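# Analysis of the macromolecular model
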Amino acid sequence: MVGNHGTTMLLFLLFLVLRIFYCADGQSYIGVNYGEVADNLPPPATVAKLLQSTSIGKVRMYGADPEVIKALAHTGIGIFIGTSNGDIFSMSGDPSAAKQWVAANILPYYPASDIVLVSVGNEVLSYGDGNMVSHLVPAMQNLHAALLEVSLADKIKVTTVHSMAVLQQSDPPSTGAFGPTYAGVDVMKQLVAFLQQTGSPLAINPYPYFAYGSDPRPETLAFCLFQQNQGRFDPNTKITYYNMFDAQVDAVHSALASLGFKDVDIVVAETGWPYQGGATEVGPSVENAKAYNGGLVAHLRSMSGTPLRPGKPVDTYIFALFDEDLKGGATSERYFGLYKPDLSMTYDVGLSKSSQGTPVTPRPPTAKQRVWCVPKDGVSDASLQTNLDYACGQGIDCGPIQAGGACFTPNTIAAHAAYAMNLLYQTAGRNPWNCEFSQTATLTTKDPSYGACVYPGS
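The numbering scheme is per chain: residues are counted from 1 as the chain's sequence reads. Under the rules for a predicted model, residues below a pLDDT of 70 receive no local features and side-chain atom pairs below 80 are neither given nor counted, while totals for whole chains, interfaces and linings still include all residues. Values reported for side chains reflect all heavy atoms of the structure, with hydrogen atoms and water molecules removed beforehand.

## Looking at the overall build of the chain
Looking only at helices and strands, the chain has 13 helices and 16 strands in total. Every one of the 458 residues in the chain was classed for burial, and the buried ones make up 50%. Note that accessible areas follow from Shrake-Rupley with a 1.4 Å probe, and for residues the cover is restricted to the protein chains shown. With an accessible surface of roughly 20,000 Å², the chain has 55% of that area assigned to carbon and sulfur atoms. Every helix listed is a DSSP run of H or I at least four residues long, and every strand listed is a run of E at least two residues long, numbered separately from the N terminus. For every residue, the accessible area (1.4 Å probe, protein chains only) is compared with the maximum for its type, and the residue is labelled buried under 20%, exposed over 50%, or partly exposed between those bounds.

## Focus: the pattern of salt bridges
Salt bridge, as used here, is a side-chain nitrogen of Lys or Arg placed within 4 Å of a carboxyl oxygen of Asp or Glu. Taken as a whole and assessed by the stated rule, the structure comprises 11 salt bridges. The closest approach of N and O atoms between Asp-215 and Arg-217, which form a salt bridge, is 2.8 Å. Among the residues examined, Asp-215 registers a relative accessible area of 23% and is labelled partly exposed. We note a salt bridge from Asp-323 to Lys-340, for which the minimum N-O separation is 3.9 Å. Note that Asp-323 is positioned in the loop between strand 14 (316-318) and strand 15 (372-375) and Lys-340 in the loop between strand 14 and strand 15, a separation of 17 residues in sequence. Its relative accessible area of 27% is what places Lys-340 among the partly exposed residues. Through salt bridges with shared partners, a single ionic network connects Asp-215, Arg-217 and Glu-219.

## Concerning the nonpolar core
Nonpolar core, defined: a set of buried Ala, Val, Leu, Ile, Met, Phe, Trp, Tyr and Cys residues in which side-chain atoms within 4.5 Å join the residues together. Counting residues in hydrophobic clusters, the biggest one holds 97 residues, and the most contacted among them are Leu-51, Ile-81, Ile-106, Leu-143, Phe-178, Trp-273 and Leu-321. With 9 residues, helix 6 (residues 130-149) is the largest single contributor of residues to this core. Counting 24 residues, the second-largest nonpolar core is a separate cluster that includes Ala-418, Tyr-425, Phe-437 and Tyr-455.

## What about the packing of helix 12 (residues 381-392) against helix 13 (residues 413-428)?
The packing of two helices is summarised by the inter-axis angle and the distance between the axes. In this analysis, axes come from line fits to C-alpha atoms, helices being fitted only over the stretch in contact, and the angle between any two N-to-C directions falls in the range 0 to 180 degrees. Two elements in contact, helix 12 and helix 13, have axes separated by 8 Å at closest approach and are oriented at 40°. By the angle between their axes, helix 12 is oblique relative to helix 13. When the axes of helix 12 and helix 13 are compared, the crossing they make is left-handed. Every residue of helix 13 that contacts helix 12 at Asp-381, Leu-384, Gln-385, Asn-387, Leu-388, Tyr-390, Ala-391 and Cys-392 is listed here: Ile-413, Ala-414, His-416, Ala-417, Ala-420, Met-421 and Leu-424. Each residue gets one of three labels, nonpolar for Ala, Val, Leu, Ile, Met, Phe, Trp, Tyr, Cys and Pro, charged for Asp, Glu, Lys and Arg, and polar for the others, Gly among them. Residue classes in the contact of helix 12 with helix 13 are distributed as 11 nonpolar, 3 polar and 1 charged. If an angle is under 35 degrees, it is roughly parallel; if it is over 145, roughly antiparallel; if it lies from 65 to 115, roughly perpendicular; otherwise it is oblique. Left-handed is the label given to a crossing in which the near helix is rotated counterclockwise from the far helix by less than a right angle, and right-handed is the label when the rotation is clockwise. Contacts are residue-level and defined by heavy atoms, with any inter-residue pair within 4.5 Å sufficient.

## Some thoughts on the side chain of Ser-352
Mapped onto the fold, Ser-352 is located in the loop between strand 14 and strand 15. A residue is classified by how much of its surface remains accessible, and Ser-352, at 10% relative accessible area, is buried. Once you skip the residues sitting within four places of it in the chain, Ser-352 turns out to touch Ser-53, Thr-54 and Tyr-339.

## Points about the pairing of strand 8 (residues 202-205)
Side chains Leu-202 and Ile-204 of strand 8 all project onto a buried face; the interleaved residues Ala-203 and Asn-205 project onto the opposite face, where all are buried too. Pairing between two strands is assigned when DSSP locates at least 2 bridges connecting them. Inspection of the sheet shows strand 8 paired to strand 11 (residues 266-271) by 3 bridges, in the parallel sense. Each residue of the ladder has a partner; that of Ala-203, found in strand 11, is Val-267.

## Focus on the sheet that holds strand 8
Either a parallel or an antiparallel arrangement is found when strands of a sheet pair, and the pairing is made through backbone hydrogen bonds. What the 8 strands build is a closed barrel, ordered 1-2-3-4-5-8-11-14; its pairing is parallel. Mean inter-strand twist for the sheet, computed between neighbouring axes without regard to direction, equals 25°. Pairing of strand 3 (residues 78-82) with strand 4 (residues 115-122) involves 4 bridges; the strand directions are parallel. Within strand 4, the residue paired with Gly-82 across the bridge is Ser-119. The strands touched by helix 11 (residues 286-301) within the sheet are strand 1 (27-34), strand 11 and strand 14, with strand 1 carrying the most contacts at an inclination of about 150°.

## Brief notes about the pairing of strand 5 (residues 157-163)
Side-chain positions along a regular strand alternate between the two faces of the sheet. Among the 7 residues in strand 5, 6 count as buried, and that is most of the element. Call a crossover right-handed when, viewed with both strands pointing away from you, the route from the first strand across the helix to the second goes clockwise. Handedness of the β-α-β unit built from strand 4, helix 6 and strand 5 comes out right-handed.

## Concerning the confidence of the model for the chain
Parts of the model with low pLDDT should not have their predicted coordinates read in detail. With 89% of its residues at a pLDDT of at least 70, the chain reaches an overall mean of 88. pLDDT expresses, on a scale from 0 to 100, how confident the predictor is about each individual residue. Here residues 1-24 scores under 50 on pLDDT; set against residues more than four positions off or in separate chains, the count is 21 contacts. Long-range and interchain partners of residues 357-368, a stretch whose pLDDT sits below 50, account for 14 contacts in this model, where long-range means more than four residues apart.

## Here's the deal with unusual backbone geometry
Trans is the common state for peptide bonds, and a negative phi is the common state for residues other than glycine. Omega for the bond connecting Phe-319 with Ala-320 falls within 30 degrees of zero, at 10°, which places this linkage in the cis form. Checked against the element boundaries, Ala-320 lands in the loop between strand 14 and strand 15. With an omega of 0°, the peptide bond between Thr-409 and Pro-410 qualifies as cis. For Pro-410, the position within the fold is in the loop between helix 12 and helix 13.

## Regarding the state of the cysteines
A disulfide bridge is the covalent bond that connects two cysteines by way of their sulfur atoms. In plain terms, two cysteine sulfur atoms within 2.5 Å form what is called a disulfide here. As enumerated under the stated definition, the model contains 3 disulfides in all. The disulfide that involves Cys-392 links it to Cys-398, with 2.0 Å between the sulfurs. Because the torsion about its S-S bond is -100°, the bridge between Cys-392 and Cys-398 counts as left-handed. Residue Cys-392 is classed as partly exposed on the basis of its relative accessible area, which comes to 27%. The class of Cys-398 is buried, set by a relative accessible area of 9%. By sequence order of its bonded cysteines, the chain has the disulfide arrangement 1-5, 2-3, 4-6.

## Focus: the packing of aromatic side chains
How two aromatic rings sit relative to each other is set out by the distance from centre to centre and by the angle between their planes. Any two of the Phe, Tyr and Trp rings considered here, Trp counted by its six-membered ring, make a pair once their centres fall within 6.5 Å; the pair's planes then place it as stacked at under 30 degrees, edge-to-face at over 60, or tilted in between. The final tally for this structure, using the stated rule, is 15 aromatic pairs. Criterion for a charge above a ring: Lys NZ or Arg CZ within 6 Å of the ring centre, and within 35 degrees of the ring normal. Cation over ring: Arg-60 sits above Phe-80, and NZ or CZ is 5.4 Å from the ring centre.

## Let's talk about the environment of Pro-138
Topologically, Pro-138 is positioned in helix 6. Sequence-wise, Pro-138 and Phe-194 are 56 residues apart; in three dimensions their C-alpha atoms are separated by 9.9 Å.

Listed below in structure tokens is the structure:
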């Protein structure tokens, strides 16, 4: 049996190893889109160094630029590449075309460059070409077969990226259903069956920004920006959602389940918020972009997942790494970048390793060093009620604050919220961002337990 001193040292070493791992490596579930529709981007090698200074673990490209793929070699960053929509016809009709694509775009670089995923086309089901849609799944099958032939199918998965327009219903999330686009649900069933058979994820582009544009009320903005809000109740699952991102992703989970494929994973291939837009555009601003992307990063790091898939963060690619000044369309399309061409941050969402804090050698913990998450002084009952509803809605055991529970008395919003907020913090990972609650909570070393009511502590 290890003595108290030995246990303490083991805990210390484990803490130190985890701290070093967290600060030194990217987080695989946080990715970024690397678009190149611009004339002022830094060289790929410079971009690779920038990415290594962040906690970004994956990069999605809109093609297979060899210079970018080579620059990311030996960085440990996962790479999500894509074929063009125009490649779909040749790959569908000729297996050798898929083999040639693999030979040209993957084999020269892998495994030095860690290619993990390939999208066959982009938003094909929403593209407006029914003939292309009919060729999509055969093209995916041929590309998978080409990877299988070179023994890479278990390492590099094949998918295709969809816009949220593939859903004909998404609110409430439990009613999520795919729409009859072109060849209808049959195409989606065929596509998702392929994903299930090959262990590949469904790639989707949820944008709360666009949802806000269609419903520009203050309460909708707070719901979209991961800010304090009253939540939206799904009467079918009895789940209250507190952010649009989870609601949109779970709508896709529900749509998959309705087709009989609830075990297919989801990858968020794009999501973001513009920091600048045209005079008639609703929502673009630095404040909103920072709130959305910063809230998203904190949410992913909380490891809470979504209400329908708790405890597992969704691999998410934030749009975008840089502005793309040559893009057409709305003004906002050119202003999604997290970084400027000179590598300075457009705004800080906590991705830079330096902004996460300089690693320091921690003191060995002792048995008495415990931490709790409690409300800040002066927080209103309305805010505490929102925190209480949110915490208990995340699947934690709120039985102790129900009538007859050890922590029911005092029967106040403040007392019940304090217990629930701390319990969520303790179960969600005990990271600083797990005790954020829209800046209404703080960490303390003072045990808030009283009488028979025991607050779990770290």
